[in-house]
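# Coordinates in review
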Amino acid sequence: MKPQLLMAGGLAVVVALTLSSFLGVFEDKVDFNTQIKPLLNKNCIACHGGVKKASNFSLLFKHEALAPAKSGKPAIVPGDADASEFIRRLTLTDHEERMPLEAPPLKPEEIELLRKWIDQGAEWGDHWAYQTVEKPDVPQIGTFWSRLGLSENDELKWAKNEIDHFILDKLKAEGLKPSPEVDKAALIRRVSLDLTGLPPTEKDVADFVADQSPDAYAKVVDRLLASPAYGERWTGMWLDLARYADTKGYERDPGRSIWRYRDWLIKAFNADKPFDQFTIDQLAGDLLPNPTDDQLVATGFHRNTMTNDEGGTQDEEFRVAAVIDRVNTTWDVWQGTTFSCVQCHSHPYDPFVHEEYYKYLAFFNNTRDEDVTTETPTLRFYKKEDSLKVQELNSWLKTHLKQPRQLQQVMQFVRITEPKINSHDFDEYVNASLLDAKFFGMQDAGSGRIKSVDLTGKNRLIMQWGTKAKNAVLTLHQDSPTGPVLLTIPTPTNGRDTTMIFALPTVSGRHHLYWTLSSPETPKDWVQIRWVSFQPALPGQPAHELGEMDLKLTQILNTRPEVTPIMYEGTGDLARKTHVFERGNWLVKGKEVKPDVPKSLPPMAKDLPKNRLGLARWMVSREHPLTARVAVNRFWEQLFGTGIVETVEDVGTQGIPPTHRELLDWLAVDFMETNQWSVKKLLKKIVMSATYRQRSEVAPELLAKDPFNKLMARGPRVRLAAEQVRDQALSVTGLLSNKLYGPSVMPPQPDGIWQSPYSGESWKLSQGEDRYRRALYTYWKRTAPYPSMITFDSPSREFCQLRRLRTNTPLQALVTLNDPVYVEAAQRLAETMKLRGKTPEQQIQSGFRMIMMRDLAPKKLAVLAKLYRNTETYYQQHPDEAKKLLTCDDATPQLAALTVTANTMLNLDEVITKE
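Starting from 1, residues in each chain are numbered consecutively following that chain's sequence as written. Per-residue local features are limited, in this predicted model, to residues with pLDDT of at least 70; the limit for side-chain atom pairs, both in listing and counting, is 80 or more; totals at the level of whole chains, interfaces and linings are taken over all residues. The basis for every side-chain value is the complete set of non-hydrogen atoms in the structure, without hydrogens or water.

Our focus in this paragraph is the overall build of the protein. Only DSSP runs of H or I with at least four residues qualify as helices, and only runs of E with at least two residues qualify as strands; both kinds are numbered from the N terminus onward. Scanning the protein from terminus to terminus reveals 34 helices and 15 strands. Based on the C-alpha atoms only, the size of the protein along its principal axes is roughly 115 × 100 × 60 Å. Exposure classes here rest on a 1.4 Å probe applied to the protein chains alone. A residue is buried below 20% of its type maximum, exposed above 50%, and partly exposed in between. For the protein, buried positions account for 55% of its 915 residues. By the convention used here, residues are in contact when the closest approach between their heavy atoms is within 4.5 Å. A sequence separation of at least 24 residues applies to 72% of the contacts in the protein between residues at least 6 apart. Accessible areas in this description were obtained via Shrake-Rupley with a 1.4 Å probe; residue shielding takes into account the shown protein chains only. Here the protein has roughly 40,700 Å² of accessible surface; of this, 54% comes from carbon and sulfur atoms.

Turning next to the pattern of salt bridges. Any carboxyl oxygen of Asp or Glu within 4 Å of a side-chain nitrogen of Lys or Arg constitutes a salt bridge here. Under the criterion given, the structure shown has 64 salt bridges. Residue Arg576 pairs with Glu370 through a salt bridge whose shortest N-O separation is 3.1 Å. Of the two residues, Arg576 is situated in the loop between β11 (562–565) and β12 (578–581) and Glu370 in the loop between α17 (354–361) and β1 (378–381); the sequence distance between them amounts to 206 residues. With a closest N to O distance of 3.9 Å, Glu761 and Lys781 form a salt bridge. Linking Glu761 in the loop between α27 (722–732) and α28 (787–791) with Lys781 in the loop between α27 and α28, this pair joins segments that are 20 residues apart in sequence.

For helix α23 (residues 661–674), built from 14 residues, the straight-helix expectation of 20 Å at 1.5 Å per residue is met to within 8% by its first-to-last C-alpha distance of 19 Å. Burial analysis of α23 places ten of its 14 residues in the buried class, which makes it a mostly covered element. Where α23 is concerned, the buried positions are Leu663, Leu664, Asp665, Trp666, Leu667, Ala668, Val669, Asp670, Phe671 and Met672. Against α8 (162–173), α14 (275–284), α22 (627–640) and α24 (679–687) lie the buried residues of α23. A positive backbone phi angle near 50 degrees is found at Gln676, which sits one or two residues after α23. Every helix has an expected span of 1.5 Å times one less than the residues it contains.

This paragraph deals with the packing of helix α32 (residues 858–877) against helix α34 (residues 893–906). Packed helices, taken two at a time, are described by their axes: the angle between them and the distance between them. Their axes nearest at 8 Å, the elements α32 and α34 cross at an angle of 140 degrees. In terms of orientation, α32 and α34 fall into the oblique class. α34 is crossed by α32, and the crossing has right-handed handedness. Along its contact with α32, which presents Leu864, Leu867, Tyr868, Thr871, Glu872, Tyr875 and Gln876, the element α34 presents Pro893, Gln894, Ala896, Ala897, Leu898, Val900, Thr901, Thr904 and Met905. Throughout this entry, Asp, Glu, Lys and Arg are counted as charged residues, while Ala, Val, Leu, Ile, Met, Phe, Trp, Tyr, Cys and Pro are counted as nonpolar. The remaining residues, Gly among them, count as polar. Each residue belonging to the contact of α32 with α34 can be placed in one class, and the counts come to ten nonpolar, five polar and one charged. Here an angle of 0 to 180 degrees is reported between the N-to-C directions of two axes, which are lines fitted to C-alpha atoms, with helices fitted over the stretch in contact. By the definition adopted for this analysis, an angle is roughly parallel if under 35 degrees, roughly antiparallel if over 145, roughly perpendicular if from 65 to 115, and oblique otherwise. A crossing counts as left-handed when the near helix is turned anticlockwise from the far one by less than a right angle, and as right-handed when that turn is clockwise.

Right, let's get into the environment of Thr329. Here Thr329 shows up in helix α16 (residues 315–335). What makes Thr329 buried here is its relative accessible area of 1%. Residues Thr329 and Val821, spaced 492 residues apart in sequence, show a C-alpha to C-alpha distance of 33 Å. The contacts of Thr329, once residues within four sequence positions are left out, are Leu241, Arg243, Phe301, His302 and Cys800.

With that settled, consider a nonpolar patch on the surface. Any residue with relative accessible area above 30% and no salt bridge may belong to a patch, with like charges joined within 9 Å and the nonpolar Val, Leu, Ile, Met, Phe, Trp and Tyr side chains within 5 Å. The grouping of Phe144, Trp145, Leu148 and Leu150 at the surface amounts to a nonpolar patch, some 490 Å² of accessible area in total. Following the sequence through the fold, Phe144 ends up in helix α6 (residues 144–147).

Among the nine residues in strand β10 (residues 527–535), nine count as buried, and that is most of the element. At least two DSSP bridges between two strands are needed for those strands to be called paired. Here strand β2 (residues 421–422) pairs with β10 via two bridges, running antiparallel. By the bridge assignment for β10, Ile421 is matched with Val532. Pairing of strand β4 (residues 439–454) with β10, which is carried by three bridges, proceeds in the antiparallel orientation. By the bridge assignment, Phe440 is partnered in β10 with Ile529.

Glancing now at α22. Between its first and last C-alpha atoms α22 spans 20 Å; for 14 residues at 1.5 Å apiece the expected length is 20 Å, and the two agree. Among the 14 residues in α22, 13 count as buried, and that is most of the element.

Once that is clear, we can look at the packing of aromatic side chains. Only Phe, Tyr and Trp rings are paired, with Trp represented by its six-membered ring, and only when their centres lie within 6.5 Å; those with planes under 30 degrees apart are stacked, over 60 edge-to-face, the remainder tilted. Enumeration according to the criterion identifies 42 aromatic pairs in this entry. Between Tyr130 and Phe352, the ring centres sit 5.6 Å apart and the planes meet at 75 degrees, which makes this aromatic pair edge-to-face. Taken as a pair, Tyr130 in the loop between α5 (108–119) and α6 and Phe352 in the loop between α16 and α17 lie far apart in primary sequence, 222 residues in all. Take Phe352: its relative accessible area is 0%, and that puts it in the buried class. An aromatic cluster of at least three residues, connected via ring pairs, comprises Trp234, Trp238, Tyr261, Trp264, Phe269, Phe275, Phe278, Phe301, Trp334, Phe635, Phe671 and Trp677. Over the ring of Tyr741 we find Lys267, and its NZ or CZ is 4.9 Å from the ring centre. Ring-over charges, as used throughout, are those where CZ of Arg or NZ of Lys falls within 6 Å of the ring centre and within 35 degrees of the ring normal.

Let us now look at the pairing of strand β8 (residues 498–503). Summarising burial for β8: five of the six residues are buried, a large majority. Relative to β8, strand β5 (residues 460–467) runs antiparallel, the two sharing six bridges. Among the inter-strand pairings, Trp465 is bridged to a residue of β8, identified as Thr498.

All right, on to the environment of Arg854 then. Relative to the assigned elements, Arg854 resides in the loop between α31 (840–852) and α32. Judged by its relative accessible area of 34%, Arg854 falls in the partly exposed class. Separated by 669 residues in sequence, Arg854 and Ala185 have C-alpha atoms that sit 7.3 Å apart. Side-chain polar atoms of Arg854 contact the side chain of Glu910, separated by 2.6 Å. For this analysis, a polar contact is any N or O atom pair within 3.5 Å, provided that within protein one partner can donate a hydrogen and the other can accept it, and provided that sequence-adjacent residues contribute only side-chain to side-chain pairs.

The subject of this paragraph is the confidence of the model for the protein. Scored by pLDDT, the protein has a mean of 92; 97% of the residues are at 70 or more. Scored between 0 and 100, pLDDT is the confidence that the predictor attaches to each residue. Every residue in residues 5–9 scores below 50 in pLDDT, and together they form one contact with partners more than four places removed in sequence or on other chains. Every residue in residues 12–26 is under pLDDT 50, and counting partners more than four places away or in other chains gives zero contacts.

Turning our eyes to something else, we now look at the side chain of Thr627. Tracing the chain through its elements places Thr627 in helix α22. A polar contact is formed between the side chain of Thr627 and the side chain of Gln335, at a distance of 3.1 Å. Excluding its chain neighbours within four sequence positions, the residues that come into contact with Thr627 are Phe275, Trp334, Gln335, Met619, Val620 and Trp677.

All right, on to the packing of α22 against α24 then. Across the interface, α22 lies against α24 with an axial gap of 11 Å and an inter-helix angle of 45 degrees. As judged from the angle between their axes, α22 and α24 are oblique. The handedness of the crossing between α22 and α24 is right-handed. Taking contact as the criterion, the partners of Val632, Phe635, Trp636, Leu639 and Phe640 in α22 are, on α24, Val679, Leu682, Leu683, Ile686 and Val687. Of the residues in the contact of α22 with α24, the class split is ten nonpolar, no polar and no charged.

What follows deals with the side chain of Thr247. Among the secondary structure elements, Thr247 is positioned in the loop between α12 (228–241) and α13 (259–270). Looking at Thr247, its side chain comes within polar contact range of the side chain of Asp253, at 2.7 Å. If sequence neighbours within four positions are ignored, Thr247 has contacts with Asp253, Pro254, Gly255, Arg256, Tyr779, Trp780, Lys781 and Arg782.

Of the consecutive residues Thr376 and Pro377, the connecting peptide bond is found in the cis state with omega at 0 degrees. Along the chain, Pro377 falls in the loop between α17 and β1. Here the amide bond leading from Glu418 into Pro419 is cis, since omega sits at 10 degrees, within 30 degrees of zero. Tracing the chain through its elements places Pro419 in the loop between α19 (404–416) and β2. Here the phi dihedral of Asp253 falls at roughly 50 degrees; this positive angle occurs in a residue that is not glycine.

Here it is, written out as structure tokens:
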């Protein structure tokens, strides 16, 4: 062969190989997150994941997947699928060796995809939600010439802001077009219900329809965002997340006064408190420098946990349960991830290991609440003359204390009564007991120990105690029950719990202290101690006897002010160690751990403290991948009925993938950076979009192609929330009270709902305008929630509820037709309708306009008119029934029939639906 031909042939081979290599670079890259991870989760992880690691092979983490398996060899060889046992096992025919075991084999195309992934290097990838949020480019719409303004374009005419660009980009890819804008009356009803939870008034609608200015809609949105009702609407949403209730839960379910937290939420939303500060205040307001009352009240978010006052329960068990609930709720609300299962084992699907759960729990483990019946720590609100005493003490302290820190510590005890030692922590009982599993009690010749108290510089004992014993004497000993006597005091004689201050001798160092009781006159009567606190004497007071200000402080501590539960951190001797609970069992403690965050997320900045405050600041840092995404997704879900990630509760690998991930990320970055965490600006951006303003009607072909409106080619059509159904009925009939804030109320409900065998509590019907306040102010008993709202899918609030799954049941119609609130609303509506028309048709039409801001269709009007006439005939024949319905002796058949017709209109599907 000629040399020239050899060279030409060799050159051809080189070119072919080079071209093959070149084309290989452009071969479709397999994406781990969207293509491989779902396959592994569905078919493999159950046996080869966080819980089980069959054959020592796990596919949860990259380092585990590529490590040697039980055979000593790796099951996945990156770059070589043929050498990978993982692929071989998927292709076998022997059912005892073929994977997945005891399950259908993978499809050939799925195996080929896995093979291709391994040949490309088996590259791993973090799930999209755990990657730092980057702001994507806004898609271009329209044509080149239309973007220059040289021609018209339907897309550019339709779009109102960046949201619409993302929506249009996805619609074009599916060959779809958006829907036209809804009419003005429907639009103002939609946005009013969304932003304030209330329908617009007739005047609101008339003014909007008449306003032809380009910014007419923007003015409506601004007015709604500035309305006090805005804060109430969004507080209603947040109360589900905070598992807010007016009772403590469990079997006894006694009352809890925590309504000030609800008031704080309303004010925070109305003031548009930035969401990052909103987060910090709720999770760690008590740890901020010189926290305000508002910041302390905000920590009530995590004091909404259930507590168990049942006799015979163990306080530590339920304290731990409350702490675990706080960890899980924090992840649910702000991180949108199913972290709770990591309590018992490493996460089967997401990159969180068992030990990380307890490192995270360590952030919450030092709070001073301990499942005691008194709900301490609480913030005390002094009033009238008690407040004057507090001011007098504060003024005196300012003139006698040199350091502001000392003043803060004393006033902290006045307001919070912390730090203190709860008596259930006493031990070494002799003739003593934990009374009703709650507080330490002794009888004659009894004793108990307070463990390891540092008495250096502490010459005051503050104690809350009580007894009916006569002429009994309590003695405090140092180091043993017969050790040196530090204090001998007669028991109080009033029989009630009393807070008293006692002077102690000078003692240094750490000592065990022992109580002993002598009560020979009434040896079987108990002396109960609730708590003790060892403090330094107030400045200027005698060292070993009580002074004037000691007595003033005693008077203040014995008042009965209003209180609200708050979070407060224990330090020093009151700090706790945190251990891993083996298999999640709080009784089986493993290794000790320190506070830290999961390694799969960005680390905490070095300047952040390792406490709840540092944790909260880490959660709202720009680098955190979850918080802003989860918040934006939740607010989107509230407006459209479904989140961009449908599973609002889980954006992890087992959640439903986002329909518009780029839009979610763009909104998250815009929320953090451009709008500085402003919720009002976020909501305005969404409701101002053309996407939000679309008609909700759907053509058959669009319904067939996108039945759940995931592509957003039409507007939202969602049934109103339980609270909104009730509030709307009161609002359109003129009954609704606009009163803001204050304790919960008890509006009418069917008889026999409450059964409180322990306490004998009853539903005490509120009077005056309190009967007609918005639903979020309704007293919420966990074991017997307000029945009409439960029927419309509101939760019991025993635990955090991340989204309400809507149901349709006959009970819902029975509520709106028969519940006393809706019957009364119908009565009021009928009275107004009677004044607004001469004929039944005119009256019915006017009533419907009051409810829906538009006229009834002729066919519906005819049906309702027929209902009216049939009912009128019935009541003419049964006048006593009319009196019973209207609860008055001068009831007429006409007004009774109009009431039934009004009640029917309030029950229509279109009335209880936002569209």
